[in-house]
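Here is what each chain is made of, one letter per residue.
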Amino acid sequence: MLGLFACKTKPEKESTDVSKSETPNKPNIVMLFVDDYGWADIGYRNDVFSTPNLDQLKKDGLDFNRAYIPTPTCSPSRLSLLTGKEAVRLEMSRHIPTEKDFINADYNVWPTDPVKRPSRNYLPLNEVTYAEKLKEYGYYNHFIGKWHLGNGEYYPHNQGFDSVFGATDFGHPKSYYFPFFKDGGDPKRYFEKNKKGDYLTDVLTDNAVDFISTYNKAQPFMLSFWYYSVHGPSVGRKDLLKKYQEAGLKGKYAHHAAMVEAMDESVGRIRKALNDKGISDNTVFIVLSDQGGAYTNAPLSGGKKGGNTLGEGGARVPFMVYYPGVTKANTVTDTPVQSIDVFPTLVEIASGNTYNNKDIQGISLMPLLKGGQIAPRNLYFFRSYEDQYAAVISGDWKLIKYHSGKLQLFNITNDISEKNNLIGTNLEIETRLKTELAAWEKEAVPEY
């Protein structure tokens, strides 16, 4: 049954943990979480886009070529990043809607969901976030941008963040030009000094740069910058929009390309601020996206919209890590990973010890950061909007499941565009993945 609760206290101690031994020269951490940024919307994969700063980050660090989101949609992706848990286990299988017609107390029901599964409207306060864990190891946590995990009492300052800028009740702005948001959620307190012509991505980046340049505490910091961009409405910065229109891009796609470049400029400004501060060599730099793009994700199939979000174009995202002195320059891994792995990785970076916690599903990626390997495992996916609802990845293979009984089986390595459905071709992997996905559903997906 659904657990209708909102506990406001944190557990005193988790079942397993790392030791609290001190590690000298703990690195600062900057994590940039981009919204609706497709795997193919980056210069080194698609020359439609100009992303010199992200291209340089790839050259400097480790590129996860097969990184995924367990529930690729706004709010659940944030829950998984914060907690290291598959969002469905916490009864969040969709984004938190702002439309009043969809909200019913602690849960919402999506009108077109074939099974009418309730989905939670907040991240419960008793869940332990990476900010709270890092605080145990002496970190100061600053949050910028899109929250989308509940309003009021569920805001970032109640989830381990010491300071906050730009968090609102909204999943996206009404415009990327000022005034940015509709009334509600008190966004004006952040933007009271802004004026007509100001661009939201630049304003949020200003705060990130200011935080870095003025930071004077003895303790290390973690900066979590969760962009509203490149989520719609697609409103490109005017100077960049002109560039793409003159290059022949049309309509909203030209706006999208301009938004991507503005975001890339933001990445460059933040890296420059770290360098100017003299701390770039002791700062871990992470960039990833919350789900696939709303436009074409070719050569991947599917995307944010259209009923195939568990396709590679919807669930597979850009993910890069630069850890000075640990990651090797210009390296790529094809090991499948998920955003739930970020939480234990951050704890290991902060503590200097391996993090083991049976209550989370993520694992530390530190072996991969160091050039090693992790044990093979299955990655599971679940969302609740349409017929397509669950999937499992095991190595090269992917099985996708639909409420209507339809099944798809793809070898992602040989068929990145998921064109050749191998269901019914007498492959042993089909039987195994059917069994394992059914067992995971029984164990992980709450009844209602």
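In this text the structure is predicted, and so the values were computed from the model without any measurement.

Participant: What is the right way to read the overall build of the protein chain from this model?
Facilitator: Of regular secondary structure, the protein chain possesses eleven helices and 18 strands. For the protein chain, the spread of C-alpha atoms along the three principal axes comes to 60 × 55 × 45 Å. Out of the 448 residues belonging to the protein chain, those deemed buried represent 61%. In the protein chain, once contacts between residues fewer than 6 apart in sequence are set aside, the share between residues at least 24 apart is 68%. Total accessible area on the protein chain stands at roughly 17,800 Å², and carbon and sulfur atoms take up 50% of it. Placing the 53 positive and 54 negative side-chain charges of the protein chain at their respective mean positions leaves the two points 2 Å apart.

Participant: So what exactly am I meant to see when it comes to the packing of helix α5 (residues 200-214) against helix α7 (residues 251-277) here?
Facilitator: Put simply, α5 and α7 touch, their axes get as near as 9 Å, and they point 10° apart. Taken as axis vectors, α5 and α7 run roughly parallel relative to one another. Residues T201, D202, T205, D206, A208, V209, I212, S213 and T214 of α5 form the contact with α7, whose participating residues are A262, M263, S266, R269, I270, A273, L274 and K277. Of the residues in the contact of α5 with α7, the class split is eight nonpolar, five polar and four charged.

Participant: Which parts of the structure should I look at to understand the environment of A247?
Facilitator: Structurally, A247 can be placed in the loop between α6 (238-246) and α7. Distance from A247 to E447, taken between C-alpha atoms, is 52 Å for residues 200 residues apart in sequence.

Participant: I'm lost on the sheet that holds strand β3 (residues 67-68) in this one. Help?
Facilitator: Think of a sheet as strands paired side by side through backbone hydrogen bonds, with each pair either parallel or antiparallel. Taken in spatial order, the three strands of this open sheet run β11-β3-β14, and their pairing is mixed. Whereas interior strands pair on both sides, the edge strands pair on one side only; in this sheet they are β11 (316-317) and β14 (337-338). Pairing between β3 and β14: two bridges, direction parallel. Opposite Y68, over in β14, you have Q338 as the bridge partner.

Participant: Where do I start with the packing of α6 against α7 in this structure?
Facilitator: To characterise two packed helices, one gives the angle between the axes of the helices and the distance between these axes. Orientation of α6 relative to α7, taken along the N-to-C sense of each, is 130°, at an axis distance of 8 Å. Put simply, α6 runs oblique to α7. In this structure, α6 crosses over α7, and the sense of that crossing is right-handed. Where α6 abuts α7, its residues L240, L241, K243, Y244 and Q245 lie against A254, H255, A257, A258, E261, A262 and E265.

Participant: So what exactly am I meant to see when it comes to the packing of aromatic side chains here?
Facilitator: Think of a pair of aromatic rings as described by two things: how far the centres are apart, and how the planes are tilted against each other in angle. Applying the stated criterion across every chain yields a total of 32 aromatic pairs. Centroid distance F64 to F319: 4.5 Å. Interplanar angle 15°. Geometry classified as stacked. Note that F64 is positioned in strand β2 (residues 62-64) and F319 in strand β12 (residues 319-322), a separation of 255 residues in sequence. Grouping residues by exposure puts F64 and F319 together as buried.

Participant: Would you explain α5 in this entry?
Facilitator: In this model α5 runs 21 Å from its N-terminal to its C-terminal C-alpha over 15 residues, within 8% of the 21 Å that 1.5 Å per residue would give. All of the buried residues along α5 are L200, T201, V203, L204, T205, N207, A208, V209, F211 and I212. In this fold, the buried residues of α5 make contact with β7 (140-145), β8 (163-165), α4 (188-191), β9 (221-226) and α7.

Participant: Where do I start with helix α11 (residues 428-444) in this structure?
Facilitator: An α-helix turns once per 3.6 residues; consequently, residues spaced three or four apart project the same way. Over its 17 residues, α11 runs 24 Å from end to end, which matches the ideal 24 Å to within 8%, given 1.5 Å per residue. Buried within α11 we find I429, E430, L433, L437, W440, E441 and A444. Summarising the axial view, the buried residues of α11 lie within an arc of 100°, below the 170-degree limit, and thus occupy one face. Among the exposed residues of α11, those pointing more than 90 degrees away from its buried face are E428, T431, T435, K442 and E443.

Participant: What should I look at first to understand the pairing of β12 in this one?
Facilitator: Consecutive residues of a regular strand have side chains that alternate between opposite faces of the sheet. Alternating residues of β12 divide into F319 and V321 and M320 and Y322, and every residue in both groups is buried. Both β2 and β12 contribute to a ladder of two bridges, which runs antiparallel. Bridge pairing in β12 links L62 to V321. Strand direction decides the pairing type here: strand β10 (residues 283-289) and β12, joined by four bridges, are antiparallel. Its bridge partner lying in β12, V287 is registered against M320.

Participant: When you look at the sheet that holds strand β13 (residues 331-333) in this model, what are you seeing that I'm missing?
Facilitator: The sheet built from eight strands is open, its strands ordered β8-β7-β9-β1-β10-β12-β2-β13 with mixed pairing. This sheet does not close on itself; its edge strands, each paired only once, are β8 and β13. Pairwise comparison of adjacent strand axes, ignoring direction, gives a mean angle of 15° for this sheet. As defined by bridge partners, β7 adjoins β9 across six bridges and the pair is classed as parallel. What sits directly across from F143, in β9, is S224. Sheet strands in contact with helix α1 (residues 52-60) are β2, β10, β12 and β13, and its direction is about 60° off that of β12.

Here is what the cut-offs are and how they apply
- Residues numbered from 1 in each chain as written.
- Predicted model: local features only at pLDDT ≥ 70, side-chain atom pairs only at ≥ 80, totals over all residues.
- Heavy atoms only, no water.
- Helix = DSSP H or I, 4+ residues; strand = E, 2+ residues; numbered from the N terminus.
- Buried < 20%, exposed > 50% of the residue type's maximum accessible area, 1.4 Å probe, protein only.
- Contact = heavy atoms within 4.5 Å.
- Areas by Shrake-Rupley, 256 points an atom, 1.4 Å probe, with all protein chains shown as cover.
- Lys, Arg positive; Asp, Glu negative; His and termini not counted.
- Charge placed at Lys NZ, Arg CZ, Asp CG, Glu CD.
- Axes fitted to C-alpha atoms, helices over the stretch in contact; angles between N-to-C directions.
- Parallel < 35°, antiparallel > 145°, perpendicular 65-115°, else oblique.
- Nonpolar A, V, L, I, M, F, W, Y, C, P; charged D, E, K, R; others polar.
- Pairing = 2+ DSSP bridges.
- Left-handed = near helix turned anticlockwise from the far one by under 90°.
- Phe/Tyr/Trp six-rings, centres within 6.5 Å; stacked < 30°, edge-to-face > 60°.
- Expected span 1.5 Å × (residues − 1).
- Arc of directions from axis to C-beta.

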